[in-house]
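Chain by chain, the residues run as shown.
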Amino acid sequence: MLIPRALSVALVMILPLSATLSAQEPDWSTASRETLGHLQAMIRLNTVNPPGNELQVARHLEAALKAEGIETHLFEPTPGRGALVARLKGNGSKQPVLIMGHMDVVGVERDKWSVDPFAAEIRDGYLYGRGAIDDKGMLAANLETMLLLKRTVIDKGGTLSRDVIFVANSDEEQSGEWGMGWLIKNHPELIKAEFALNEGGRTRIVGGKRLYVAVQNTEKVPHTLTVTARGPGGHASIPLAGNAIIRLGRALAKIGDHKEPVQVNPTTREFFAQLARVWPEAHERAAMADVSSVDMRRIQRGARTLGRVPVFDAVLRNGISATILGGGIRTNVIPTEASAKLNVRTLPGQSIDGVVARLRRAVGDSLVDITVTERGEDSPASDFHSPMFAAIRESAQALDLSTGATDSARLRTWGMQAFGLLPFPMNQDDEDRMHGNDERVPLASLDFGTRMIYGAILRVAR
């Protein structure tokens, strides 16, 4: 599932992993095949949440780690749900670093897929399957990183300055109650670290080439609003002007037309400033430069252009999406009430109550109520001037403001410096398949992402 930030970093070109990272470079051909094999095995284990059943994936990961002599701790927070923690010991001169991924996946519409979503089929250079991107691909790359660190550093007589902790958790796509929340509550001593690397920012292909790697350090905050319209009830044979369902429809149309105000924070300013240096489209490049300025007229002008690109618009303002409708009991009865659920993602530091007040003014109907039914919690931003980001920086081109939500927010609230990285280079079409139909990861991108994570963790832990 996918997240906002503050602070800045220099833009650098995507670099190949250096051959001087360790005394013995991994055999990347073998490592690539091994990573792919583990990912295929995990995709074939159906962990759609609900109900999850992530324990089966946790056992697969545990077996792979134990086979290399890596310390593991397997838990079953509730029947069928799994939590796995593994650790490579360092010399303790620095605090641990944690790499994490979640084992659960979202549901599928099987009739809309061109392949079996749980067969892990390879076609035309892509691996298809639910979780290929979100988030079993990350788990496979993290697993391979642990195996390679053990083989190429520890087994060769080398040492790490930090413990490297591997976490595979459940329930990220729902409440997190049986996932990271459970681990923090029940086994904090096993997962406490200075830095964490999780899913999040993007490695983006634009115009057929890898353009930038985006690293996230904070998240939009998710909330749920309920919009309730009321009106007179009666027999459907007598149409009523105040019909609650029609009233709700008018309210939702106004909400759909409503745009939250543009908000530029230090992260988005730096993100667009750096992206303007490499973006191929001239008019969008100029808009990025405008948004990154401190001139409000330029910011608004740039935001109008970038607002036509949903992924950019989402990082410039609070997001509002209607997701669930409810109302009525029979086709011949006019209900007295109809409702809708809105998923709202507020930028860091922005008030959900302010969003509600603006929506009420936009709707302008006293018989339509808008209430907060689930309130998210803001979390502090992680520091882009930290050793963890420095370890990623060689392959990063820009900051990003991701628009979803992940377990990193829990870790930041807990006091950990958590960074998000989706290391697999993808174009927008492939990225849009996440949580959608025909989710897939390019095989070359899976290899690239594994090298990126391995290189970053080796750098920060040497």
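Values in this document were obtained by computation on a predicted structure and should not be read as measured data.

Student: Give a detailed account of helix 8 (residues 282-291), specifying residues and quantitative values.
Tutor: The complete set of buried residues in helix 8 reads Glu284, Ala287, Met288, Asp290 and Val291. Projected down its long axis, helix 8 carries its buried residues within an arc of 160°, all on one side. Buried residues along helix 8 sit in contact with helix 7 (266-275), helix 9 (296-306) and helix 10 (310-316).

Student: Could you give an account of the pairing of strand 6 (residues 164-169), with specific residues and numbers?
Tutor: Within strand 6, 6 of the 6 residues are buried, which leaves the element mostly enclosed by the surrounding structure. Where burial is concerned, the two faces of strand 6 agree: the one with Val164, Phe166 and Ala168 and the one with Ile165, Val167 and Asn169 are both buried. Across 5 bridges, strand 2 (residues 83-88) lies against strand 6 in antiparallel orientation. Its bridge partner lying in strand 6, valine 85 is registered against valine 167. Pairing geometry for strand 3 (residues 97-102) and strand 6, over 6 bridges, is parallel. Residue pairing in the sheet places leucine 98 in a bridge with isoleucine 165 of strand 6.

Student: With reference to specific residues and values, describe the environment of glutamate 121.
Tutor: Tracing the sequence through the fold places glutamate 121 in the loop between strand 3 and strand 4 (122-123). With 81 residues separating them along the chain, glutamate 121 and glutamine 40 place their C-alpha atoms 8.1 Å apart. Within the structure, the side chain of glutamate 121 is placed 3.3 Å from the side chain of arginine 123, a separation counted as a polar contact.

Student: Outline the environment of leucine 367, listing residues and values.
Tutor: When you line up the elements, leucine 367 lands in the loop between helix 11 (352-363) and strand 15 (368-374). Owing to a relative accessible area of 41%, leucine 367 belongs among the partly exposed residues under this scheme. For the pair leucine 367 and glycine 231, spaced 136 residues apart in sequence, the C-alpha to C-alpha distance is 7.4 Å. The contact partners of leucine 367, leaving out residues within four places of it in the chain, are Thr228, Ala229, Arg230 and Arg247.

Student: Any details on the sheet that holds strand 3? Residues and values, ideally.
Tutor: Pairing is mixed in the open sheet, where 6 strands are placed in the order 1-2-6-3-7-17. Each edge of the sheet is formed by a strand with only one pairing partner; in this case those strands are strand 1 (71-75) and strand 17 (417-420). Shown here is a sheet whose adjacent strand axes are inclined to one another by a mean of 20°, direction ignored. Taken strand by strand, helix 3 (residues 136-154) contacts strand 2, strand 3, strand 6 and strand 7 (195-198), and its axis lies near 145° from that of strand 3.

Student: Residue-level account of helix 3, with values.
Tutor: Structural remark: α-helix, 3.6 residues per turn; residues separated by three or four positions point the same way. For helix 3, which comprises 19 residues, the first-to-last C-alpha distance of 26 Å matches the rise-based estimate of 27 Å (1.5 Å per residue) to within 8%. By the criterion of burial, helix 3 is predominantly enclosed, with 17 of the 19 residues buried.

Student: Give a description of the sheet that holds strand 5 (residues 126-128) that names residues and reports values.
Tutor: Pairing is antiparallel across the open sheet formed by 3 strands, whose spatial order is 4-5-18. In this open sheet, the two edge strands, each paired with only one partner strand, are strand 4 and strand 18 (440-442). Note that strand 5 and strand 18 share 3 bridges and pair antiparallel. Within the sheet, the bridge partner assigned to tyrosine 126 lies in strand 18 and is proline 442. Strands strand 4, strand 5 and strand 18 of the sheet are contacted by helix 1 (residues 28-43), whose axis makes an angle of about 25° with strand 5. Against the sheet, helix 15 (residues 443-461) contacts strand 4, strand 5 and strand 18, and its axis sits at roughly 75° relative to strand 18.

Cut-offs and rules
Residues numbered from 1 in each chain as written. Predicted model: local features only at pLDDT ≥ 70, side-chain atom pairs only at ≥ 80, totals over all residues. Heavy atoms only, no water. Buried < 20%, exposed > 50% of the residue type's maximum accessible area, 1.4 Å probe, protein only. Helix = DSSP H or I, 4+ residues; strand = E, 2+ residues; numbered from the N terminus. Arc of directions from axis to C-beta. Contact = heavy atoms within 4.5 Å. Pairing = 2+ DSSP bridges. Polar contact = N/O pair within 3.5 Å; in protein donor to acceptor, adjacent residues only side chain to side chain. Axes fitted to C-alpha atoms, helices over the stretch in contact; angles between N-to-C directions. Expected span 1.5 Å × (residues − 1).

Honestly, it's all geometry; don't read function into it.
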